[in-house]
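This is what each chain is made of:
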Amino acid sequence: IIRITQQDTSNVMSLLELGDQYEHNKPDSALIYYNRALDLSKEIKSQTLIAKCSRYIGIIYYYQGFYTKAIAYHIKSLNAFKIIGDKKGISGSYNNIGLVYEYQGAYDKALSYYLKSLKISKETDNKKGIAQTYNNIGSIYWQQGREDESIQHYLKSLKIKEEIGDNNGAYKSKIFLCRHYRYSGNYMKAFRIGYDALFYFEDQKDFKEIPLAYNN
């Protein structure tokens, strides 16, 4: 029997935190730390930490454009979450796999994973997960030319985010809706919802989202 000590967990988390510092500017360096964390997690046989580390590695490979590797690590994360029965983690893994397939243009595959994620989030009443997945499904429907269904799902996502007090997420949804209303020719709705989002992000001094609000 291998006993997992607090120190073991702390060591893994420290390696992940070190990797986080390099995630955006030096992803290869981030991978070194994430893989060390994964190796240690395997040594102590912690499925929780294996799931977490594998997810981090999958995200890096996704950003780097190594989609086959990204999916492989998200599946490793998924399997570890299944072993420990972490439904929130399982749902998140399905979403992550769907995102990779969506970026590759494999929309039917992406949608199948999003629907799996949505099912689990509904079963566990994970409102945040439901809202995120509605958003992702809306994106798929838009790219498939199913504009009305896309907007319906974005609106579902927005409603839940407002209900749970996720203001930042709600206004991000409004940016998506602004873009889609504009492309659909509904310029008045686009202007109203887009201006609302812009005003919010300017008030929050969110300089990442302000340009997106202006562009849409």
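Each chain has its residues counted from 1, running along the sequence as written. In keeping with the model being predicted, local features are shown solely for residues with a pLDDT of at least 70 and side-chain atom pairs are shown and tallied solely at 80 or more, while totals for entire chains, interfaces and linings include all residues. To get the side-chain values, take all heavy atoms of the structure and skip hydrogens and water.

Visitor: Quick question: what am I supposed to make of helix H4 (residues 67-84) here?
Guide: Every α-helix carries 3.6 residues per turn, so stepping three or four residues along brings you back to the same face. In DSSP terms, a helix is any run of H or I states spanning at least four residues, a strand is any run of E spanning at least two, and both are numbered starting from the N terminus. Expected helix span is given by 1.5 Å per residue-to-residue step, counting one fewer step than there are residues. The end-to-end C-alpha distance of H4, which contains 18 residues, comes to 26 Å, matching closely the 26 Å that a straight helix rising 1.5 Å per residue would cover. Exposure classes here rest on a 1.4 Å probe applied to the protein chains alone. A residue is buried below 20% of its type maximum, exposed above 50%, and partly exposed in between. Within H4 the residues assigned to the buried category are Tyr67, Ala70, Ile71, Tyr73, His74, Ser77, Leu78, Ala80 and Phe81. Contact criterion: two residues are considered in contact whenever any of their non-hydrogen atoms come within 4.5 Å of each other. For H4, the secondary structure elements touched by its buried residues are helix H2 (27-43), helix H3 (47-64) and helix H5 (87-104). Remark: Gly85 follows H4 within two positions and exhibits a positive phi of approximately 70°.

Visitor: Just to check I follow, could you spell out a nonpolar patch on the surface for this structure?
Guide: On the surface, Met188, Phe191 and Tyr195 cluster together to form a nonpolar patch covering roughly 380 Å² of accessible area. Checked against the element boundaries, Tyr195 lands in helix H10 (residues 187-204). Relative accessible area serves as the criterion here: at 51%, Tyr195 is assigned to the exposed category. Here the term patch refers to residues with relative accessible area over 30% and no salt bridge, with like charges joined within 9 Å and nonpolar side chains (Val, Leu, Ile, Met, Phe, Trp, Tyr) within 5 Å. Computed with a 1.4 Å probe, the accessible areas rest on the Shrake-Rupley method; for each residue, only the protein chains presented here act as cover. Salt bridges are counted wherever a side-chain nitrogen of Lys or Arg sits within 4 Å of a carboxyl oxygen of Asp or Glu.

Visitor: Explain the packing of aromatic side chains to me, please; I cannot follow it from the model alone.
Guide: Each aromatic ring pair is characterised by the separation of its centres together with the angle its planes make. Geometry of aromatic contacts follows a simple scheme: Phe, Tyr and Trp rings, the Trp one being its six-membered ring, pair when their centres are within 6.5 Å, and the pair is stacked under 30 degrees between planes, edge-to-face over 60, tilted otherwise. Counting across every chain of the model gives 12 aromatic pairs. For the ring pair Tyr62 and Tyr103, a centre distance of 5.8 Å and an interplane angle of 80° mean the geometry is edge-to-face. Linking Tyr62 in helix H3 with Tyr103 in helix H5, this pair joins segments that are 41 residues apart in sequence. Classification of Tyr62 as partly exposed rests on a relative accessible area of 22%. A ring pair is formed by Tyr67 and Tyr103, whose centres lie 5.7 Å apart and whose planes are at 45°; its orientation type is tilted. In this pair, Tyr67 sits in helix H4 while Tyr103 sits in helix H5, placing the two residues 36 residues apart along the sequence. Overall, the relative accessible area of 57% leaves Tyr103 in the exposed class. Connected via pairs of aromatic rings, a cluster forms that spans Tyr62, Tyr63, Tyr67 and Tyr103. For Arg36, the ring lying beneath its charged end belongs to Tyr33, and the centroid distance is 5.6 Å. If you follow Lys69 out to its NZ or CZ, it ends over the ring of Phe66, 5.6 Å from the centre. Here, a charge over a ring means that NZ of Lys or CZ of Arg falls within 6 Å of the ring centre while also lying within 35 degrees of the ring normal.

Visitor: Help me understand the nonpolar core, please; the structure alone is not making it clear to me.
Guide: As a rule of thumb, soluble globular proteins bury nonpolar side chains together. Ranked by size, the top nonpolar core spans 44 residues in total, and within it Val12, Leu16, Tyr34 and Ile57 carry the most contacts. Those elements that provide at least two residues to this core are helix H1 (6-20), H2, H3, H4, H5, helix H6 (107-123) and helix H7 (127-143). Leaving out residues up to four positions away in the same chain, Tyr34 has contacts with Leu16, Gly19, Asp20, Glu23, Cys53, Tyr56, Ile57 and Ile60. Nonpolar core, defined: a set of buried Ala, Val, Leu, Ile, Met, Phe, Trp, Tyr and Cys residues in which side-chain atoms within 4.5 Å join the residues together. Grouped together as the second largest cluster of nonpolar side chains are nine residues, Leu158, Ala170, Cys178 and Tyr181 included.

The analysis is restricted to geometry; functional conclusions fall outside its scope.
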